[in-house]
Amino acid sequence: MTNKLIDILGLMPYEIEEGLLEMDEQAFRGKQVVNWLYKGVKDFDNMNNLPKTIRKKLREKYTIAKVDEIEKHQSDNSETTKYLCLLDDHNIIECVVMKYRYGNTLCLSTQVGCRMGCSFCESTKQGLVRNLTVGEMMGQVLLANTDISEDNESEKRGIRNIVLMGSGEPLDNYDNVMKFLRLVHHPDTLGISYRNITLSTCGLVPGMRKLAQEGLPITLAISLHGSNDEIRRKIMPVASAYKVNDIIEAGKYYFEKTGRRITFEYALMDHLNDGMDNAEELGVLLKGFPCHINVIPINEIQDGLYKRSTENRIETFTKTLESLGLQVTRRRELGEDIGGACGQLKRGYLDVPGNSF
Ligand code: SF4
């Protein structure tokens, strides 16, 4: 019987060094392996400063998570690139690179599918298939980094910011996500600052409170999308479990513990949650709480139930929030021409006859 191989991309640098010591090799060999991995090398045989004997031992003990690009779509203005990636078990995930003034941002997936059932979201249509491993999350960052540096020498800095907003609810894959955050922040891997990482949740209150105690100063983004429980229940099944007030209380607790301002995501849907009364209700709920509201005109998905708000309603909603003293940003609408709503591109791919895995 063969032993199951360990995904080396899911290990902390010290765990890799320990692994090398267990093979009766020196710890510095572990450092060399880490270097290769975070340069994007996906085959032990290409780690050419390691003796062949060590490469053989590595192959016998470890594997490197497979996250292979199968399609790449660039927006017309080249500022957004969406990657469709194939995993070892033939599942498909996606991640998106967005170019901002302050550096490249990667939006990555944390699960295959999602069980949260938000009715405006394509990713949840098939339910939760499985959690992504630590290595598969890291694999998305390395794929994007490699592609960016191949694409343009001046962009060698690669990914600077990470947002966990692709398919999946990060707090529903809690342990793997926590390890991934610690790993991607580690100075021997990619050293991404916690302050440049945003985790987005649909409002899993216990997970938010647990996250507050982790001591990681990342930004927490809460997908609110409704100014009261009734609206939220119409569009997000999770609203039956957690009330708006409890979510905001958990957000305040997060702020107290970490000092990090909460971002509230609010996707505007025509005549559902985009009225002036909704903006006023939000103003009352968030009064005096140092937070930020991202207003996002929704991308209409295939068979979508909801319509995008008119420009007029978007503007009135935003202005009302501002007049109530709230900090509001209308989110830059990225990648609409390449399937901006999460899960959309994957579905488009699978809908083409012959494109199944
Ligand atoms: S919006 Fe996020 S939490 Fe909701 S179903 Fe989609 S992926 Fe899951």
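Residues numbered from 1 in each chain as written. Predicted model: local features only at pLDDT ≥ 70, side-chain atom pairs only at ≥ 80, totals over all residues. Heavy atoms only, no water.

### Concerning the overall build of the chain
Convention followed: Every helix listed is a DSSP run of H or I at least four residues long, and every strand listed is a run of E at least two residues long, numbered separately from the N terminus. Exposed residues in this analysis have more than 50% of their type's maximum accessible area, buried residues have under 20%, and partly exposed residues fall in between, with area computed by a 1.4 Å probe over protein chains only. Note on definitions: a residue-residue contact is assigned when non-hydrogen atoms from the two residues lie within 4.5 Å. Residue burial considers only the protein chains on display, and all accessible areas are found by Shrake-Rupley using a 1.4 Å probe.
Per the secondary structure count, the chain includes eleven helices and 14 strands. Expressed as a percentage of its 357 residues, the buried residues of the chain come to 55%. Taking the intrachain contacts of the chain between residues at least 6 apart in sequence as the baseline, contacts between residues at least 24 apart amount to 66%. Total accessible area on the chain stands at roughly 16200 Å², and carbon and sulfur atoms take up 48% of it.

### Quick look at the sheet that holds strand β12 (residues 262–268)
Put simply, the rule reads: Two strands form a pair only when DSSP identifies at least two bridges running between them. Every angle, taken between N-to-C directions, lies between 0 and 180 degrees, and every axis is a line fitted to C-alpha atoms, over only the stretch in contact when it is a helix.
Spatial ordering of the open sheet is given by β3-β4-β5-β6-β9-β10-β11-β12-β13-β14, a layout of ten strands whose pairing is mixed. At either end of the open sheet lies a strand with only one pairing partner, and these are β3 (67–74) and β14 (327–330). Across the sheet, the axes of successive neighbouring strands diverge by a mean angle of 25 degrees, strand direction being ignored. Judged from the four bridges that link them, strand β6 (residues 103–107) and strand β9 (residues 159–164) form a sheet pairing that is parallel. When the sheet's bridge partners are listed, leucine 106 is paired in β9 with isoleucine 162.

### Topic: the nonpolar core
Threshold: We define a nonpolar core as any set of buried Ala, Val, Leu, Ile, Met, Phe, Trp, Tyr and Cys residues linked to one another through side-chain atoms lying within 4.5 Å. The domain boundaries here were taken from an automatic or database domain assignment.
Counting 100 residues, the largest nonpolar core has Ile8, Leu58, Ile162, Phe180, Leu181, Leu199 and Phe264 as the members making the most contacts within it. Of all the elements, helix α4 (residues 134–151) adds the most residues to this core, at eight residues. Residue-level mapping places this core at the junction of two domains, with at least three residues from each of domain 1 (6–63) and domain 2 (67–350).

### Comments concerning helix α1 (residues 13–22)
Filter applied, for reference: Directions pointing from the helix axis toward each C-beta atom define the arc.
When α1 is considered as a whole, its buried residues turn out to be Pro13, Ile16, Glu17, Gly19 and Leu20. Looking straight down α1, one finds that the buried residues subtend no more than 155 degrees of arc, so they occupy a single side. Buried residues belonging to α1 abut α2 (27–38), α3 (52–61), β2 (62–63) and α5 (174–185). The positive-phi residue at the C-terminal boundary of α1 is aspartate 24, with phi of around 65 degrees.

### Here we look at the confidence of the model for the chain
Note the threshold: Within a predicted model, pLDDT stands for the predictor's per-residue confidence, ranging from 0 to 100.
Confidence along the chain averages 89 in pLDDT terms, with 89% of residues attaining 70 or more. In the predicted structure, residues 334–357 sits below a pLDDT of 50 and forms 65 contacts with residues beyond four places in sequence or in another chain.

### Overview of the layout of surface pockets
The criterion, for reference: Both cavities and pockets are sets of points on a 1 Å grid over the protein atoms alone; in a cavity a 1.4 Å probe fits but cannot get out, in a pocket the set is open with protein on both sides within 12 Å along at least five of seven lines, and lining residues sit with an atom within 4 Å of a point. Grid points are joined across faces, edges and corners, and a volume is the space filled by probe spheres set on the points. Residues were grouped as follows: Ala, Val, Leu, Ile, Met, Phe, Trp, Tyr, Cys and Pro as nonpolar; Asp, Glu, Lys and Arg as charged; and all remaining residues, including Gly, as polar.
The space that makes up the second largest pocket amounts to roughly 270 Å³. For the second largest pocket, the lining is made up of 13 residues, of which Asp7, Thr63, Ala65, Asp88 and Glu136 are closest to its centre. For the lining of the second largest pocket, the residue count by class is four nonpolar, two polar and seven charged.

### Some thoughts on the packing of helix α6 (residues 205–212) against helix α8 (residues 244–258)
Helix-helix packing is characterised by the crossing angle of the two axes and by the distance between the axes. Put simply, the rule reads: What sets the label is the angle itself: under 35 degrees gives roughly parallel, over 145 gives roughly antiparallel, 65 to 115 gives roughly perpendicular, and the rest give oblique.
Put simply, α6 and α8 touch, their axes get as near as 9 Å, and they point 5 degrees apart. Considered as vectors, α6 and α8 are oriented roughly parallel to each other. Counting all contacts with α6, which are made through Val205, Met208, Arg209, Leu211 and Ala212, the residues of α8 involved are Asp246, Ile247, Glu249, Ala250, Gly251, Tyr253, Tyr254, Lys257 and Thr258.

### Details of the environment of valine 34
Along the chain, valine 34 turns up in helix α2. Given a relative accessible area of 3%, valine 34 falls into the buried group. Considering only alpha carbons, one finds valine 34 and tyrosine 14, 20 residues apart in sequence, at a separation of 9.7 Å. In contact with valine 34, other than residues within four places in its own chain, are Pro13, Ile16 and Asp188.

### A short note on the pairing of strand β10 (residues 197–201)
Heads up, the rule is: Whether a crossover is right-handed depends on one test, that the path from the first strand over the helix to the second runs clockwise when the strands point away from the viewer.
Of all five residues making up β10, five are buried, and the element is well covered by its neighbours. Here β10 shows two buried faces, one formed by Ile197, Leu199 and Thr201 and the other by Thr198 and Ser200. Of the pairings in the sheet, the one linking β9 to β10 comprises three bridges and is parallel in character. Each residue of the ladder has a partner; that of isoleucine 162, found in β10, is isoleucine 197. Handedness of the crossover joining β9 and β10 through α5 is recorded here as right-handed. Pairing between β10 and strand β11 (residues 219–223): four bridges, direction parallel. Pairing of leucine 199 across the sheet is with leucine 220, part of β11. Following the backbone out of β10, through α6 and into the adjacent parallel β11, one traces a crossover that is right-handed.

### A look at unusual backbone geometry
Note on backbone geometry: most residues besides glycine have negative phi, and most peptide bonds are trans. At serine 78, a position not held by glycine, the phi torsion is positive, near 65 degrees. Mapping serine 78 onto the fold places it in the loop between β3 and β4 (80–87). Residue serine 78 is classed as partly exposed on the basis of its relative accessible area, which comes to 34%.

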